Number of protein chains: 2
Amino acid sequence: MITRFAFKKQLQNLAQSSDKSTYLLAISGGADSMVLAYLFNELRDLGYEFQIAHINYQLRGKDSVSDQKVVEDFCKKNHIKFHLYEVSEIDNKPENSIQLWAREIRYQFFRKIQEQENLDFLVTAHHLNDQLETFIINLSKASGINGLSGIPANENNILRPLLNFSKEEIYHFAEENKIEFREDLSNKKSDYLRNKIRNEIVPKLSETNENFLENFAKSISYLNQTKDFVQKQIQEIETKLLISDKEYKILSKEKLALESDFVKFEIFKKHGFTQPEENEKIFLAETGSSFYSKEFKLTINRKELIFSNLNSKNTIYKEIILTNGLDLNQNRLNIDISKHINAPKDFIWQFDAEKLIFPLKLRTKKEGDIFYPVKFAGKKKVSKFFKDEKISVLEKEKIWILCDGEDQVLGIIPYRQDRRFQANNDTPKKVIVQWIEELPIL
Amino acid sequence: MITRFAFKKQLQNLAQSSDKSTYLLAISGGADSMVLAYLFNELRDLGYEFQIAHINYQLRGKDSVSDQKVVEDFCKKNHIKFHLYEVSEIDNKPENSIQLWAREIRYQFFRKIQEQENLDFLVTAHHLNDQLETFIINLSKASGINGLSGIPANENNILRPLLNFSKEEIYHFAEENKIEFREDLSNKKSDYLRNKIRNEIVPKLSETNENFLENFAKSISYLNQTKDFVQKQIQEIETKLLISDKEYKILSKEKLALESDFVKFEIFKKHGFTQPEENEKIFLAETGSSFYSKEFKLTINRKELIFSNLNSKNTIYKEIILTNGLDLNQNRLNIDISKHINAPKDFIWQFDAEKLIFPLKLRTKKEGDIFYPVKFAGKKKVSKFFKDEKISVLEKEKIWILCDGEDQVLGIIPYRQDRRFQANNDTPKKVIVQWIEELPIL
């Protein structure tokens, strides 16, 4: 049951600190977030310092105004510092993936206020039902213990102190304490999968057992402990494999070969190599071969695995294989390059699959690269393009070029695509290369 | 997709052996089990040896006869040795828990045939949908990674080679190969929870993502690997804590105290101590205190934890606290003693809660024990009762006596209950002490 005392204990637990921490609450005006604001306000006499941030997405006309008013009124009445962000035309809302767009806006606005006001923690009102929905979404996507151990209650200074309370408990608490709130109508529409789970699956699950949610919370807690244990053990095993950790991290390939597939997978995953099939190749590769993840270059050297951090200063020629080919039954192949490199979050290029030679890859520039830039008549040397765009020598080394299997340039990311391979509306089979940002749950 | 080749590979993987293993197939006549029988029959020319067992529960009249006929005909046609068990009146079917009763019958019959015919493995036709149903049932009961990593594909020489194939794939395979089978009508009725999950929840989950089942199978496989890793690591940690492993297993209490709660819990769980609250008491207990699980007596000795196996020959006085009391709002308290001791599987005693002093406990006999046996006029010394029942000196040491908080004898398990505390039909608040057997999934 939610009580002032239970909440305070939970919060102190998460902040791992005294009452001297400072908080920014993300408040939408819905029952869960208004209960969060109310509970913080109840703790004020104990010296808890907090401010409130609200975003008006202007997506639902009058309703958006009313949501804002509930939060603003609560702040005025209780003399709480209130930060508002009104989404304007400039924040060009995308046609699809409104969810991601909104999360991005939240993330940036909250972080800005937190920095500006020097507040230790961002606090969100996620609850046990959100946790169950996320669990089922991850189950439907093939997840390991990391995905199934749920939304973290404390992640990068984002706290979620209501995570162990059910939606029912929160509504009950709001009613008991006459807390004003607005029904969150936006939730009812925009996220198809989450809503299907919320409205059709969770009620059925709850019918199986009157303690379903409570038991689910226990399962999640146990999985979390297991996850932490596994991480700690993997770290210890890695330490035993470590030959050097100075300029490069060098692990014993010989010793790692003796570990189980699970340990190998976890060690590679820590360095950004998440494809089990790729990992098998590492052990078969010859001395001098290299592999790339988003963060590391891995070079094979006799009995050693040498991991060099790609974000460090030493520039090197890099190459990343993106895909081995297109299944002939597919009309569309989506490639998410966010696993490998950084690019603007709206980056998306479409290609005519039939004009491409596989595998596609990302690499840094090579002597003699040429391409046929869109919005340009003929062909152009890549080096000339860099010069015209006034890109510095150091910058050039870091720019990723998308190539096909015969090393032809498909485009310079994110500057310019090659017009020869571009898809148009009539292209039957498309390859879509895009950058999909993964943000914490807000 | 199910193919002869994929099945053979899966089977060899599970049996971890050549084609020389021998198998007993549990075949009900439903699509899944008839596909299993068909696949084994296809492997016969490779030297696979197998026999088939079927149970006719006589629960559904003509339908039961038809089920049996499908299996029997298949065996005759293909010259497969067929074992039949027809449930008779003597196998007194209980009013409730038909599921457990049927599982018990299966278990005993299959094991008997396996022994008699000297067959290496028992094979069942559990599939991916069974796996998902079990996962959700365990989720609703608060489970850790052991419960959530599902039905094992190989457990105590029971193999489940169809576990990675969905029900849909199995039906499709049956149709393609014109395999005769019977719709399993019994499933449609008797297990309320499983049927609710099967008919209402699984279809909704499958709608969230066309690859839901396939992705779920990947999640389970990953959880299984995590589970195995955790078990192995816990074993290694225990080895480091080990002071002696001769007559008793002695672990360093000092060193264990420094480990995480998770490690403590897992180490205690391995020895049958599964209650986290109890485990906390262990570290606070004085030298000389003891605790009991079903398998071990744990004695605290300064800096040591001494585990003595209760199933070994050295007899000792033993005591197990069953429950601390009865919640006043409950009219019925069920105590399952199967976690602690062995008793006949139909063991059940009912007591008048208002006549009991808590906590209830199980202990071995003490000098001076007396009780008021049912079907007997006065009181009787427990030692005299043992003598009359012709129980040997050695046997006596192993018999469990149920006592109340003032050490009054409530009964000698399973011989005789004390009539003073017995419940009758009008007893408003009852304490029910029973033995509930947990069997592998068959």
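This structure is a prediction, so every number in the text was calculated from the model and none was measured.

S.K.: Explanation requested: the interface of chain A and chain B in the structure shown.
M.R.: Accessible area lost upon the coming together of the parts serves often as the stated size of an interface. Contacts between the two partners involve 39 residues from chain A, matched on the other side by 39 residues from chain B. Both faces considered, chain A and chain B share a buried interface measuring about 3,500 Å² in area, 72% of it formed by carbon and sulfur atoms. For the chain A face of the interface with chain B, the top three residues by lost area are Tyr 222, Phe 229 and Phe 262 of chain A, together amounting to 19%. Taken together, the links from chain A to chain B amount to 4 salt bridges. Measuring nitrogen to oxygen at the nearest pair gives 3.0 Å for the salt bridge that ties Glu 200 of chain A to Lys 204 of chain B. At the junction of chain A with chain B, the criterion picks out 14 residue pairs in polar contact (both at pLDDT 80 or more).

S.K.: Sorry, what's going on with the side chain of His 271 of chain B here?
M.R.: Note on placement: His 271 of chain B falls in the loop between α11 (261-270) and α12 (276-284). The exposure class of His 271 of chain B is buried, given its relative accessible area of 1%.

S.K.: Help me understand the packing of helix α11 (residues 261-270) of chain A against helix α9 (residues 212-241) of chain B in this model?
M.R.: As a packed pair, α11 of chain A and α9 of chain B sit with axes 10 Å apart at the nearest point and diverge in direction by 105°. When the axes of α11 of chain A and α9 of chain B are compared, the pair comes out roughly perpendicular. Counting all contacts with α11 of chain A, which are made through Phe 262, Val 263, Phe 265, Glu 266 and Lys 269 of chain A, the residues of α9 of chain B involved are Tyr 222, Gln 225, Thr 226 and Phe 229 of chain B. Across the contact of α11 of chain A with α9 of chain B, the residue classes break down as 5 nonpolar, 2 polar and 2 charged.

S.K.: Just to check I follow, could you spell out the domain arrangement of chain A for this structure?
M.R.: Assigned domains within chain A: domain 1 (4-208), domain 2 (229-309) and domain 3 (319-434). Each of domain 1 of chain A and domain 2 of chain A has a C-alpha centre, and the two are 39 Å apart.

S.K.: Quick question: what am I supposed to make of the relation of the copies chain A and chain B here?
M.R.: Superposition of the two copies of the chain requires a rotation about an axis together with a shift along that axis. Rotating chain A by 179° and translating it 0.1 Å along the rotation axis places it on chain B, where the RMSD comes to 0.3 Å. Expressed as a symmetry operation, the mapping of one chain copy onto the other fits a two-fold axis. Taken as a fraction of all interface residues of chain A, those also at the interface in chain B reach 100%, which identifies the copy contact as same-surface.

Rules used in this analysis
Residues numbered from 1 in each chain as written. Chains lettered and ligands numbered in written order. Predicted model: local features only at pLDDT ≥ 70, side-chain atom pairs only at ≥ 80, totals over all residues. Heavy atoms only, no water. Contact = heavy atoms within 4.5 Å. Buried area = accessible area lost by both parts, 1.4 Å probe. Salt bridge = Lys/Arg side-chain N within 4 Å of Asp/Glu carboxyl O. Polar contact = N/O pair within 3.5 Å; in protein donor to acceptor, adjacent residues only side chain to side chain. Helix = DSSP H or I, 4+ residues; strand = E, 2+ residues; numbered from the N terminus. Buried < 20%, exposed > 50% of the residue type's maximum accessible area, 1.4 Å probe, protein only. Axes fitted to C-alpha atoms, helices over the stretch in contact; angles between N-to-C directions. Parallel < 35°, antiparallel > 145°, perpendicular 65-115°, else oblique. Nonpolar A, V, L, I, M, F, W, Y, C, P; charged D, E, K, R; others polar. Domains from an automatic or database assignment. Least-squares fit on C-alpha atoms with pLDDT ≥ 70 in both.

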